[in-house]
Amino acid sequence: LEACIERQPDILLTEMQDQLREICGFEVSIATISRTLRRRGFTRKKVTRPSVERDEDDRAAFKMLIGEHF
């Protein structure tokens, strides 16, 4: 499971279930996957946009714009 998350941080539980079935031959419920991940310290927070994709110039311009109004 951890390898699935490392390869694809925004993987869905149903996608993990499919991969376990296809690669390992295991039929595992979504609840079991969720419990196992929670016990391993993973949260349900979804990755929305990696920081490497952020444009620092755009962020600085936005901060300036917001600063003018507040």
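It should be emphasised that the depicted structure is a prediction, and the values quoted were computed from it without experimental measurement. (Residues numbered from 1 in each chain as written. Predicted model: local features only at pLDDT ≥ 70, side-chain atom pairs only at ≥ 80, totals over all residues. Heavy atoms only, no water.)

**A short note on a nonpolar patch on the surface**
Taken together, the side chains of Phe62, Leu65 and Ile66 make up a nonpolar region of the molecular surface, amounting to roughly 270 Å² of accessible area. As for its position among the elements, Ile66 is in helix α4 (residues 56-69). (Patch = residues over 30% accessible without salt bridge, like charges linked within 9 Å, V, L, I, M, F, W, Y side chains within 5 Å. Areas by Shrake-Rupley, 256 points an atom, 1.4 Å probe, with all protein chains shown as cover. Salt bridge = Lys/Arg side-chain N within 4 Å of Asp/Glu carboxyl O. Helix = DSSP H or I, 4+ residues; strand = E, 2+ residues; numbered from the N terminus.)

**Some words on the packing of helix α2 (residues 13-24) against helix α3 (residues 30-39)**
With their axes 9 Å apart at the nearest point, α2 and α3 run at an angle of 105° to one another. As summarised for this structure, α2 and α3 are arranged roughly perpendicular, according to the angle between their axes. For the pair formed by α2 and α3, the contact residues are Leu13, Thr14, Met16, Gln17 and Leu20 on the first element and Ile30, Ile33, Ser34 and Leu37 on the second. Partitioning the contact of α2 with α3 into residue classes produces six nonpolar, three polar and no charged. (Axes fitted to C-alpha atoms, helices over the stretch in contact; angles between N-to-C directions. Parallel < 35°, antiparallel > 145°, perpendicular 65-115°, else oblique. Contact = heavy atoms within 4.5 Å. Nonpolar A, V, L, I, M, F, W, Y, C, P; charged D, E, K, R; others polar.)

**Some thoughts on the pattern of salt bridges**
Applying the stated criterion across every chain, the model contains three salt bridges. Taking the shortest distance from any N to any O, the salt bridge between Arg21 and Asp18 comes out at 3.1 Å. Here Arg21 pairs with Asp18, and both are found in helix α2, just three residues apart, close to one helical turn. Residue classification places Arg21 among the partly exposed residues on the basis of a relative accessible area of 34%. Overall, Asp18 belongs to the partly exposed group, its relative accessible area being 32%. Three or more residues are tied together by salt bridges with common partners; here these are Asp18, Arg21 and Glu27. (Buried < 20%, exposed > 50% of the residue type's maximum accessible area, 1.4 Å probe, protein only.)

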